[in-house]
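Structural overview
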Amino acid sequence: ELLAVAEVDLPVLLLGETGTGKELAARAIHELGPRRDEPFEAVNCAAVPPDLMASALFGHEKGAFTGAVSTLRGVFERAGRGTIFLDEIGDMPLESQAMLLRVIQERRFRRVGGERTLPAPARILSATNQDLAGAMAGGRFRADLFYRIQIYAIRLRPLREKRGEIPVLVEHILRRQAGDGQAGSRASRGFLEALSAMDLPGNVRELEGLVLSALVRAQGATVLTAAHLQQPPGRGGTSARAR
């Protein structure tokens, strides 16, 4: 599904629980699509203070407000013809939603405090773990923006519903850590069985943390075993012998 939607240059809304790999999916869509050679810019809407959201998105001119000691390029300017990933878009303030909608419609913007109009040709990918339909009904999310960002929606299932994908995800994480042209470490059957027996409520994010910590414990070993895997504190799970 990611490959199919990557080739169709439309806005995509990624839905799913925390840690289900929404940013990973967004990067995959970017890298598989026609904009792969352009920048990928991500912003976590939940982590940006409301009064700085416009600056984060569109940038600002020096002296535009107190604390603007220099000119800043926002994600729309840095992305150029690439991809912008708006993570946790459900947490974006209503005022910022209105500004974002206008930029999506007009395909241009201005820096905060600026007079020059700049083009906004980037592709928009968004993600949320919230019920945006409920947020619209409660007046917390604009319906017109919703219909602009979710031309195509993808729901990412939690790991508990797709344990068969754990080996593929682990291989991807190990390959990424090794870098281009490097062999790196590989996972043993016992390591994969031990991971698959865990609850992993943190989903892909937790899985990645467990694999990376196992690499540290392995101290350069070429094969990761269940002995390298640390059981999260207070968690149950089936133990597996190292193989």
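As shown above, the structure is provided for reference.
Residues numbered from 1 in each chain as written. Predicted model: local features only at pLDDT ≥ 70, side-chain atom pairs only at ≥ 80, totals over all residues. Heavy atoms only, no water.

Section: the pairing of strand 1 (residues 12–15)
Of the two faces of strand 1, both are covered, the one formed by V12 and L14 as well as the one formed by L13 and L15. Pairing of strand 1 with strand 6 (residues 123–128) involves 4 bridges; the strand directions are parallel. Residue pairing across strands places L13 opposite S126, the latter belonging to strand 6. Direction of pairing for strand 1 relative to strand 7 (residues 152–155): parallel, over a ladder of 4 bridges. Within the sheet, the bridge partner assigned to V12 lies in strand 7 and is Y152. (Buried < 20%, exposed > 50% of the residue type's maximum accessible area, 1.4 Å probe, protein only. Helix = DSSP H or I, 4+ residues; strand = E, 2+ residues; numbered from the N terminus. Pairing = 2+ DSSP bridges.)

With respect to the side chain of T128
Relative to the elements of secondary structure, T128 occurs in strand 6. T128 has contacts with L13, L14, L15, G16, K22, E88, I89 and G90, leaving out every residue within four places of it along the chain. (Contact = heavy atoms within 4.5 Å.)

A few points about the environment of G138
Relative to the elements of secondary structure, G138 occurs in the loop between helix 6 (132–137) and helix 7 (143–149). For G138, a relative accessible area of 45% translates into the label partly exposed. Separated by 58 residues in the primary sequence, G138 and S196 place their C-alpha atoms 39 Å from one another.

Points about the nonpolar core
L57, F76, I84, L86, L100 and F141 are the most contacted members of the largest nonpolar core, which has 33 residues in total. When residues no more than four places from it in sequence are discounted, the contact partners of F141 are I89, G90, L94, Q97, L132, A135, M136, F146 and I149. (Core = buried A, V, L, I, M, F, W, Y, C linked by side-chain atoms within 4.5 Å.)

Overview of the pattern of salt bridges
Two side chains with opposite charge may pair up if their charged atoms get near one another. Counted under the stated rule, the structure contains 16 salt bridges. Between R27 and E23 there is a salt bridge whose closest N-O contact spans 3.2 Å. In this pair, R27 and E23 are both assigned in helix 2 (residues 22–32), 4 residues apart and thus about one turn of the helix distant. On the accessibility criterion, R27 (35% relative accessible area) is partly exposed. On the basis of relative accessibility, which here comes to 32%, the residue E23 falls in the partly exposed class. Salt-bridge contacts for R176 lead to E208; the nearest nitrogen and oxygen are separated by 1.9 Å. You can see R176 sitting in helix 8 (residues 166–178) and its partner E208 sitting in helix 10 (residues 203–218), a full 32 residues away along the chain. (Salt bridge = Lys/Arg side-chain N within 4 Å of Asp/Glu carboxyl O.)

Description of the sheet that holds strand 6
Spatially, 5 strands are ordered 2-3-6-1-7 in an open sheet, and the strand pairing comes out parallel. Only two strands of the sheet have a single neighbouring strand rather than two, namely strand 2 (40–44) and strand 7. For this sheet, the mean angle separating the axes of adjacent strands, direction not counted, is 20°. Strand contacts of helix 2: strand 1, strand 2, strand 3 (83–87), strand 6 and strand 7, with the helix running at about 150° to strand 1, the strand carrying the most contacts. (Axes fitted to C-alpha atoms, helices over the stretch in contact; angles between N-to-C directions.)

Notes on the packing of aromatic side chains
Summed over all chains, the structure comprises 5 aromatic pairs. Note on F40 and F85: the rings are 6.3 Å apart at their centroids and 25° apart in plane angle, and the pair reads as stacked. Within this pair, whereas F40 is found in strand 2, its partner F85 is found in strand 3, the two being separated by 45 residues in sequence. By the burial criterion, F40 is buried, and F85 matches it. Centre to centre, the rings of F58 and F76 are 5.5 Å apart; their planes meet at 35°, and the pair counts as tilted. Here F58, found in helix 3 (residues 53–58), pairs with F76, found in helix 4 (residues 75–79); they are 18 residues apart in sequence, far enough to count as distant. With respect to burial, F58 and F76 carry one shared label: buried. Three or more aromatic residues joined by ring pairs form one cluster here, namely F58, F76 and F109. (Phe/Tyr/Trp six-rings, centres within 6.5 Å; stacked < 30°, edge-to-face > 60°.)

Comments concerning the environment of V112
Mapped onto the fold, V112 is located in the loop between strand 4 (108–109) and strand 5 (118–119). According to the relative accessible area criterion, V112 is partly exposed, its value standing at 26%. Sequence-wise, V112 and F40 are 72 residues apart; in three dimensions their C-alpha atoms are separated by 22 Å. In this structure, V112 is in contact with A54, S55, G59, H60, E61, A64 and F65, ignoring residues within four places of it in sequence.

As for unusual backbone geometry
One non-glycine residue with positive phi stands out, namely N203, at about 60°. Tracing the chain through its elements places N203 in helix 10. Within the chain, Q219 stands out as a residue other than glycine whose phi angle is a positive 50°. Following the sequence through the fold, Q219 ends up in the loop between helix 10 and strand 9 (223–224).

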